[in-house]
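Examining the three-dimensional arrangement
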Amino acid sequence: MNFLRGVMGGPSAGPQPSGAETIQKLCDRVASSTLLDDRRDAVRALKSLSKKYRLEVGIQAMEHLIHVLQTDRSDSEIIGYALDTLYNVISNDLEEEEQDDSEEENLPKQVDDLGSQFTEIFIKQQENVTLLLTLVEEFDFHVRWPGVKLLTSLLKQQGPQVQQIILVSPMGVSRLMDLLADSREVIRNDGVLLLQQLTKSNAAIQKIVAFENAFERLLDIITEEGNSDGGIVVEDCLLLLQNLLKNNNSNQNFFKEGSYIQRMKPWFEVGDDNCGWSAQKVTNLHLMLQLVRVLVSPTNPPGATSSCQKAMFHCGLLQQLCTILMATGVPADILTETINTVSEVIRGCQMNQDYFASVNAPSNPPRPAIVVLLMSMVNERQPFVLRCAVLYCFQCFLYKNQKGQGEIVSTLLPSTIDGNSVSAGQLLCGGLFSTDSLSNWCAAVALAHALQENATLKEQLLRVQLATSIGNPPVSLLQQCTNILSQGSKVQTRVGLLMLLCTWLSNCSIAVTHFLHNPANIPFLTGQIAENLGEEEQLVQGLCALLLGISIYYNDNSLENYRKEKLKQLIEKRIGRENFIEKLGFISKHELYSRAAQKPQPSFSSPDHMMFDHEFTKLVKELEGVISKAIYKSSEEDKKEEEVKKTLEQHDNIVTHYKKVIREQDQELEELKQRVNTLTSQNEQLQATVTQQVSQIQQHKDQYNLLKVQLGKDTQHHNSHSDTFQMNGIQVEEVSKLKEELEEWKNKHELLQGQLREKDSVIEKLKSSQLELGTTEQSSQTSKSGGLEHNNELQKELEMLRTQVQLQSAEISKLQLENQKLQVTNTSADPVLGDSGATAANSSELEGRLQQEIKELKSEVKALSEEKESLKQHLDSSSSTVAILQDEKSKLQQEVAESKKEQDDLLVLLADQDQKLSALKIKLKDLGVPVEDEDDIESGDQGDEDEDGDEEEQD
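Bear in mind that the values here come from a model prediction, so they are computed numbers and not experimental data. (Residues numbered from 1 in each chain as written. Predicted model: local features only at pLDDT ≥ 70, side-chain atom pairs only at ≥ 80, totals over all residues. Heavy atoms only, no water.)

Some words on the overall build of the chain
Helix and strand content of the chain: 41 helices and 4 strands. Expressed as a percentage of its 955 residues, the buried residues of the chain come to 41%. Excluding contacts between residues fewer than 6 apart, the proportion of contacts in the chain whose partners are at least 24 apart in sequence is 73%. A total accessible area of about 52,800 Å² is found for the chain, and carbon and sulfur atoms account for 50% of it. (Helix = DSSP H or I, 4+ residues; strand = E, 2+ residues; numbered from the N terminus. Buried < 20%, exposed > 50% of the residue type's maximum accessible area, 1.4 Å probe, protein only. Contact = heavy atoms within 4.5 Å. Areas by Shrake-Rupley, 256 points an atom, 1.4 Å probe, with all protein chains shown as cover.)

Below, the structure written as structure tokens:
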């Protein structure tokens, strides 16, 4: 039978080796086998056992597998098996197996412990992680993909430690960034998952990844996958982008400067047919909206948020979001997140708020988007999260937007109410007095935001009258709020109304007077505070105490029965100061108060937790301490405080007056300086004009002199012509004499030429004799010396003859020139001698012409002299103007010196006043009166002025 079992393949009767023994044998084979095939088979077997015997393989084989990675890198197959085995050991993603219920309960904790322990063992040697980074660079799919999965699992188990190792590794992050460029989608997608784990909560790695062109690559992948219509790869890319941008100001700025915000606009271009919203598309669009919110989050630096908001407006992203906001068929959660996104894109940005105010819903007739949203907020059938989102949108629209606040309040005023259409003010009033407590709370908070830090609108809202019922007279909005409050409605309604009243009355003495004018209000508040109620009512008691404290602190004592002193006495008698302060402290100690103070967005788990508004928590923090001090002050201290305040006001008025005087003097000084500068420039211009005129006068002088010289030459020429005519007409005998002299010179010239020929013949003879003497070789020394002397004498005589010849030739040429001139004169004189009548006529015409030219030249000279005189007069007037300007300049300088002296005197007087003010402020502080520093007041005023300036520029 055993034989048959062996032949047929049945189980053998002997004991089977356990899993641990098998793993031990395989590890021995991996460690000791010399053949690569044997080691490869052993590692493959370990891989198949690694899921079932995870603990045993991890304990026994990890060291051998790491050794294989180090030594057998030439064989990609064994490297792939080793990486897969390590991944199965370290990863917590186990296959489903049949297990008992008790085992399933304990399994997650055991799995987490195993994965974390094995990861810690693996990364204990940092070289292992560096080796893994090197393997990830391999292009072979069977090596790269398991390496990416193993590194991702290590980051999941021990993220911070592995991040630090990769960060210090040379080019560690850059190697992993290459995974995004892999053409194989499996590796690229797992690379995105790897980078997700790598960038979690590590700003340094986030910056490196961002500057390795991650934004460009991820946005390209999202575009390739189809934007919001893409699959889970788009979701992974969006999660990675959130990791890179959230709470990382450097990357946010890099994202904005790289013009990547513009590339987000196509994400939100949803078609008109919005019926086909898949679950993946909803998830993708939700993440895209969250990514926009990361860039404009209120927790970011204000400058960065503002620049991103402006970029989103200019590229059309805000317009696209508003299109989704007003579209039909959009899923509720996408619509809610879109409202929240639009809220933060417009929050505190005047340009975006103005655009949002102009958006209309596609209805007939068109209604403003704000009105449509408020209709959803006060509608109790709408989802709770949607109503919270609309309230947040309304708050962001009014945040630092006095223009928007005025538009909302104006819809409540009697003069602007339109009975044909529903306005925002009517919706708020309707929600404020509806039967739904959540609508009451939302409307009260929304109306409080319309009054935030705007004393003018608080006074205007006092004019609002409400018609409660037919036949009854209208009631003011303030009175109606207190009436509902005294009727004992739900806690949420009363909390909302009390927050509205506290915001309304703070920093507005007129509103406090109107509130105190109703005799039922103070008894109601004192009664609420004095009662000992349950925990739910403690919050209402604290808000009542805050409202009563505001009525005391901002009371201007205009009502005799409700002066500060009397209200304090009332508190002391009916409530007790300590009890009042204790009830006031209930607000800040409440758990819901702490939650609301964390961030501006109203986020509540249920409608019952909707109690406090973020901006109201700031008001409580500001007023709680001030009211506590005001309650403990005595009447004498109040009087002293009032006196000190009056004194301070007087001093402030004096200081304001002197500041005004100084400003006026500064303006005058600036005007004088500008005038001096103007006169200086005019003086320079006049001096330049004078210089130009002087140069022009000099030019005219030069022209005059030239004309004068030319006139003299013309007269001389005229005289020479007359002499010529006399010579041609009278002295003809001189011409014959000149002809005789010319003949004599010609004879002399011929004689000289004959003599020159004779000399030339003599010179030729001497040259020939010199040649004969040079050829004789046997002559004596004495004959040689005599011949040389004779030769020198001949050369000297020759040179003399040559000079005489040159002089004679020059004289001859001169005589020839004179001869030619005389011949020309003779030829011109012959016709004159022949016709004396014509000559006389020509001479008379020439004389007439010359006289006419002389007259013209005299007239030009006269005109030039007149122009010279006018230029001299202009120069004299310019010189007098310059002298006058210099006198005015000296006078202005004296005035500037006097104004500076007066300013110094005023500054000394101001210093004395400041010392007195500081002494009085010290006295006030000693008395316990809160005194605001002038610098704080001025900085606040300056901030308001800057805000007004920004609004005007944006308008």
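Things to note about the packing of helix α18 (residues 317–326) against helix α19 (residues 332–346)
The N-to-C vectors of α18 and α19 enclose an angle of 145°; their axes lie 9 Å apart at closest approach. At the point where α18 passes α19, the crossing takes the left-handed sense. Along its contact with α18, which presents Leu318, Leu321, Ile324 and Leu325, the element α19 presents Leu335, Thr338, Ile339, Thr341, Val342, Val345 and Ile346. Considering only residue class, the contact of α18 with α19 consists of 9 nonpolar, 2 polar and no charged. (Axes fitted to C-alpha atoms, helices over the stretch in contact; angles between N-to-C directions. Left-handed = near helix turned anticlockwise from the far one by under 90°. Nonpolar A, V, L, I, M, F, W, Y, C, P; charged D, E, K, R; others polar.)

Describing the packing of aromatic side chains
Under the criterion given, the structure shown has 13 aromatic pairs. Judged by centre distance (5.8 Å) and plane angle (65°), the ring pair of Phe313 and Tyr355 falls under edge-to-face. One end of the pair, Phe313, is in helix α17 (residues 302–314); the other, Tyr355, is in helix α20 (residues 350–358), with 42 residues separating them in the sequence. Overall, the relative accessible area of 23% leaves Tyr355 in the partly exposed class. Linked through ring pairs, Phe211, Phe215, Phe254, Phe255 and Tyr260 together constitute an aromatic cluster. Note that Lys149 overlies the ring of Tyr87, its terminal NZ or CZ placed 5.1 Å from the centroid. Taking the ring centre of Trp277 as reference, the NZ or CZ of Lys281 above it sits at 4.7 Å. (Phe/Tyr/Trp six-rings, centres within 6.5 Å; stacked < 30°, edge-to-face > 60°. Lys NZ or Arg CZ within 6 Å of the ring centre and 35° of its normal.)

So, a negative patch on the surface
Residues Glu664, Glu668, Glu671, Glu895, Glu898, Glu902, Asp904 and Asp905 make up a contiguous surface patch of negative charge. Residue contributions to the negative patch peak at 5 residues, all from helix α40 (residues 836–927). Among the structural elements, Glu902 can be located in helix α40. Classification of Glu902 as partly exposed rests on a relative accessible area of 43%. (Patch = residues over 30% accessible without salt bridge, like charges linked within 9 Å, V, L, I, M, F, W, Y side chains within 5 Å. Salt bridge = Lys/Arg side-chain N within 4 Å of Asp/Glu carboxyl O. Lys, Arg positive; Asp, Glu negative; His and termini not counted. Charge placed at Lys NZ, Arg CZ, Asp CG, Glu CD.)

Some points on empty space enclosed by the protein
The full count for this structure, using the stated rule, is 4 cavities of 30 Å³ or more. Reported here for the largest cavity is a volume of approximately 80 Å³. Broken down by secondary-structure element, the contributors of at least two residues to the lining of the largest cavity are α22 (384–398) and α36 (614–632). Considering each element in turn, the lining of the largest cavity owes the most residues, 3 residues, to α22. (1 Å grid on protein atoms, 1.4 Å probe; cavity = no way out; pocket = protein on both sides within 12 Å on 5 of 7 lines; lining within 4 Å. Points joined across faces, edges and corners; volume = space filled by probe spheres on them.)

Some thoughts on the pattern of salt bridges
Oppositely charged side chains can pair when the atoms bearing their charge come close. Going through the model one piece at a time under the given rule, you end up with 25 salt bridges. One salt bridge in this structure joins Glu257 and Lys256, with 2.7 Å as the shortest N-O distance. Salt bridges sharing partners connect three or more residues here, namely Asp37, Arg40, Asp41, Arg44, Asp75 and Glu77.

Regarding the side chain of Gln601
Considering the arrangement of structural elements, one finds Gln601 in the loop between α35 (591–596) and α36. Under the relative-accessibility criterion, Gln601 is labelled buried at 18%. Within the local environment of Gln601, its side chain forms a polar contact with the side chain of Arg293, the two groups lying 2.7 Å apart. (Polar contact = N/O pair within 3.5 Å; in protein donor to acceptor, adjacent residues only side chain to side chain.)

Concerning the packing of helix α21 (residues 369–377) against α22
Axis separation between α21 and α22 bottoms out at 8 Å; the angle between their running directions is 140°. On the basis of their axis angle, the class for α21 and α22 is oblique. Judged by the twist between their axes, the crossing of α21 over α22 is left-handed. Seen from α21, the contacting residues are Ile370, Leu373, Leu374, Ser376 and Met377; seen from α22, they are Arg387, Val390, Leu391, Cys393, Phe394 and Phe397. (Parallel < 35°, antiparallel > 145°, perpendicular 65-115°, else oblique.)

Focus on the environment of Ala424
Within the secondary structure layout, Ala424 lies in helix α24 (residues 424–432). According to the relative accessible area criterion, Ala424 is buried, its value standing at 6%. Taking the C-alpha atoms as reference, Ala424 lies 9.2 Å from Glu407; in sequence the two are 17 residues apart. Sequence-distant contacts of Ala424, that is, excluding residues within four places in its chain, are made with Val371, Leu374, Ile408 and Thr411.

Section: unusual backbone geometry
Phi at Asn227 takes a positive value of approximately 55°, unusual for a residue other than glycine. Along the chain, Asn227 falls in the loop between α13 (214–225) and α14 (232–245). By relative accessible area, which is 16% here, Asn227 ends up buried.

Side note on the state of the cysteines
Inspection of the entire model under this criterion finds 0 disulfides. This cysteine, Cys388, is not joined by any disulfide, and Cys442 carries the nearest cysteine sulfur, 6.3 Å off. Residue Cys396 stays outside any disulfide, its sulfur separated by 6.9 Å from that of Cys393, the closest cysteine. (Disulfide = S-S within 2.5 Å.)

What about the side chain of Gln309?
Residue placement: Gln309 occurs in helix α17. At a separation of 2.9 Å, a polar atom in the side chain of Gln309 contacts the main-chain carbonyl oxygen of Glu344. The residues touching Gln309, leaving out its near neighbours within four places in the chain, are Val296, Glu344, Val345, Ile346, Arg347, Cys349 and Asn352.

Some remarks on the environment of Leu132
Inspection of the secondary structure puts Leu132 in helix α7 (residues 126–136). Residues Leu132 and Leu69, 63 residues apart in the sequence, show an inter-C-alpha distance of 8.6 Å. Ignoring anything within four residues of it in the chain, the contact list for Leu132 reads Leu83, Phe122, Gly147, Leu150, Leu151 and Leu154.

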